[in-house]
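Secondary and tertiary structure notes
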Amino acid sequence: MIASAADKAVVFVLVMQVLRVRNMESRTESSLGPLFDSGPAGVPLTPIGTGLQEPTLKWGAASAAERGPVIATMRKGGHRNAIGTHAGGYSVYRALAIAAGALPRDHLADLTDTAPADRIGPHPQWADPSKIVSLDPWGHLVGHEFRDFLTRGYDIRPTIAVTRAHIDVPEIRAAIEAGRMRADGDIVSTLGNVRVMKAAIDPVWYLPGIAARFGVSEGKLRRDLHEQTAGMYPQLVEREDLKVFLPPIGGTTIYFFGDPDKLGDGKTPLACRVHDECNGSDVFGSDICTCRPYLAHGIEICIEMAQAGGIGVVIYNRKEGRALGEVTKFLVYNARKRQLAGDRPETYFKRTECVAGVPDMRFQELMPDVLHWLGITRIHRFASMSDMKYDALVRQGIQIDERVAIPDGMIPADARVEIEAKLAAGYFGGNIRSAPVGRALDE
Ligand SMILES: [Zn+2]
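Source: prediction; values computed, not measured. (Residues numbered from 1 in each chain as written. Predicted model: local features only at pLDDT ≥ 70, side-chain atom pairs only at ≥ 80, totals over all residues. Heavy atoms only, no water.)

Overview of the environment of D155
To be explicit about the condition: Under the DSSP-based scheme used, a helix requires at least four consecutive residues in state H or I and a strand at least two consecutive residues in state E, with every element numbered from the N terminus. Using a 1.4 Å probe on the protein chains alone, a residue whose accessible area is under 20% of its type maximum counts as buried, one over 50% counts as exposed, and one in between counts as partly exposed. Pairs of residues are marked as contacts when any of their non-hydrogen atoms sit within 4.5 Å. Polar contact is the term for a pair of N or O atoms within 3.5 Å; when the atoms are in protein, one must be able to donate a hydrogen and the other to accept it, and sequence-neighboring residues count only if both atoms are side-chain atoms.
Considering the arrangement of structural elements, one finds D155 in the loop between α5 (147-151) and β2 (160-167). Here D155 falls in the buried class, since its relative accessible area comes to 3%. Remark: the alpha-carbon pair of D155 and V70, spanning 85 residues in sequence, is separated by 9.9 Å. Among residues more than four places away in sequence, those in contact with D155 are I71, T73, R75 and L108. At 3.0 Å, the side chain of D155 forms a polar contact with the side chain of R157.

Below, the structure is given as structure tokens:
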């Protein structure tokens, strides 16, 4: 029985989805043709809110059907089986939009034509509850794997989206002009644009697995998450039966170069750069650090590998300023420049610690999950000097053959303090020339 006008509207949207999916099937597929239907089709629909149970979640189960869908929507009768809600930190904007009257609180996503543009998985790592603990490996396949739930009226949202694009990077154009890279008309167009697949991933945390990665009890993790967000999610302490939490933090974007079908085949050579966001350098070219130059170098290495028949992956994590945020980061810049004797490598981490209490809050322990999701077991060329990233990947059983340091000539003069501090702290330096520690290097 349909109980309210809102429920009638939901049923109307679902019926429209069916009609649109049916319509889509008769169309010629474009280059973005979906691999799967993204909505329910051809099955009688059940109105929401009548007799539906919370689906059980069995994290790390062998199949999507056995694992069950993650439901963290806020709609009435949404049958939530997870704590928190969708879209990471943007969930707060959604709340604001509802408060401002711009968004109906019962809005149901129309997922027509939103299915992945390329196939990713399933890989054996998806069925190991210890390998993936911070994302939902089935998050991009919701429309396909949980079709039955969707047709029964459950509101299930994708936490991963996969699409295709071309990117235009000035450093890659420069590499072509310098003769280091060729425009092959396939991966790199004659205009210098680069063909990529990209995926956006929202965080989905399996709390027992997160606790295990950090070597703490699940109870302590839940209490600290609850208390340190000022009680934002009471279910963390009230519903210990709910094991999955969608935290209000930034996620990850993947840029992929080459043929995605080769992912996880265990033999295709792979280049990889794991990059943590640095808006000042990545976007605005700020010269106090090596972030953008190293990112550009990582992209170049990935393209090179793809052009040689391998594959390349750039993993971009939203962890601004070592996950301390830009306000802390800019405070530290001031503290570094104003201290007695000026900015120097031996006090680089100390200045951060003075302001933030820790030198770094990125915790690379969760980072390897994305590589497990992609089915990666071996990285042939790893464009990173970070010992923390290297150690985290190796601890998770991912083999790394070669570490590629940033070429010395790509280091901005003002970023010498950072590089020297990192080398002194144990970063892999390759052929980077090292100056005696204690000398200010912002020449
Ligand atoms: Zn930076």
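Section: empty space enclosed by the protein
Quick reminder of the rule: A pocket, in this scheme, is an open set of points on a 1 Å grid over the protein atoms alone with protein on both sides within 12 Å along at least 5 of 7 lines, while a cavity is a set where a 1.4 Å probe fits but cannot get out; residues line either one if an atom lies within 4 Å of a point. Grid points are joined across faces, edges and corners, and a volume is the space filled by probe spheres set on the points.
Within the structure shown, the criterion is met by two cavities of 30 Å³ or more. Estimated volume of the largest cavity: approximately 480 Å³. The set of elements that each furnish at least two residues to the lining of the largest cavity consists of β7 (270-276), α11 (291-307), α12 (320-323), α13 (326-338), α14 (348-356) and α17 (416-424). At five residues, α13 tops the list of elements feeding residues into the lining of the largest cavity.

Let's talk about the nonpolar core
The cut-off we apply is this: Working definition of a nonpolar core: buried Ala, Val, Leu, Ile, Met, Phe, Trp, Tyr and Cys residues. They are joined through side-chain atoms within 4.5 Å.
Counting residues in hydrophobic clusters, the biggest one holds 40 residues, and the most contacted among them are I254, L371, W373, L374 and I379. Discounting chain neighbours no more than four positions away, the residues touching W373 are I120, H123, W126, I132, L135, P137, H140, I160, A199, I201 and I254. Listed in part, the 33 residues of the second largest apolar core include I167, A175, L295 and I432.

Notes on the coordination of the zinc ion
To be explicit about the condition: In this listing, donors mean N, O and S atoms no farther than 2.8 Å from the metal, or 3.2 Å for Na, K and Ca; water is missing from the atoms, so a site can look incomplete.
On the protein side, the zinc ion has C278 (SG), C289 (SG) and C291 (SG) as donor atoms, found 2.2 Å from it. Of note, the zinc ion draws all its donor residues from one chain, in the sequence arrangement C-x10-C-x1-C. One end of the pair, C278, is in the loop between β7 and α10 (279-282); the other, C289, is in the loop between α10 and α11, with 11 residues separating them in the sequence.

Section: the pattern of salt bridges
Let me state the cut-off plainly: Definition used for salt bridges: Asp or Glu carboxyl oxygen within 4 Å of a side-chain nitrogen of Lys or Arg.
If you walk through the whole model with that rule in mind, you get 28 salt bridges. Salt-bridge contacts for E171 lead to R292; the nearest nitrogen and oxygen are separated by 2.7 Å. Taken together, the residues E171 in helix α6 (residues 170-177) and R292 in helix α11 connect sequence positions 121 residues apart. In this structure, D369 and R213 form a salt bridge, with 2.8 Å as the shortest nitrogen-oxygen distance.

Some words on a nonpolar patch on the surface
This is how it is decided: Patches here are clusters of residues that have more than 30% relative accessible area and form no salt bridge, with a 9 Å joining cutoff for like charges and a 5 Å cutoff for nonpolar side chains (Val, Leu, Ile, Met, Phe, Trp, Tyr). All accessibility values rest on the Shrake-Rupley procedure with a 1.4 Å probe; residue burial counts only the protein chains present in the view.
Taken together, the side chains of F214, V216, M361 and F363 present a nonpolar region at the surface, about 310 Å² in accessible area. Note that F214 resides in helix α7 (residues 207-214).

Describing the packing of aromatic side chains
This is how it is decided: Under the pairing criterion, centres of Phe, Tyr and Trp rings, with the six-membered ring standing for Trp, must be within 6.5 Å; the plane angle then separates stacked pairs below 30 degrees from edge-to-face pairs above 60, leaving the rest tilted. Placement of a charge over a ring requires the Lys NZ or Arg CZ to be within 6 Å of the ring centre, with the centre-to-atom vector within 35 degrees of the ring normal.
For the structure shown, the criterion picks out 10 aromatic pairs. Arranged with centres 4.9 Å apart and planes meeting at 85°, the rings of W126 and W138 form a pair that is edge-to-face. Here W126, found in the loop between α3 (91-99) and α4 (142-145), pairs with W138, found in the loop between α3 and α4; they are 12 residues apart in sequence, far enough to count as distant. With a centroid separation of 5.2 Å and an interplanar angle of 70°, the aromatic rings of F149 and Y154 are classed as edge-to-face. For F149, a relative accessible area of 17% corresponds to the buried category. Geometry around Y294 places R273 over its ring, the cationic atom sitting 4.2 Å from the centre.

A few points about the environment of L324
With respect to the helices and strands, L324 occurs in the loop between α12 and α13. C-alpha separation for the pair L324 and D360, spaced 36 residues apart in sequence, amounts to 7.5 Å. If we ignore the near neighbours within four places in the chain, the residues touching L324 are T352, A356, V358, P359 and M361.

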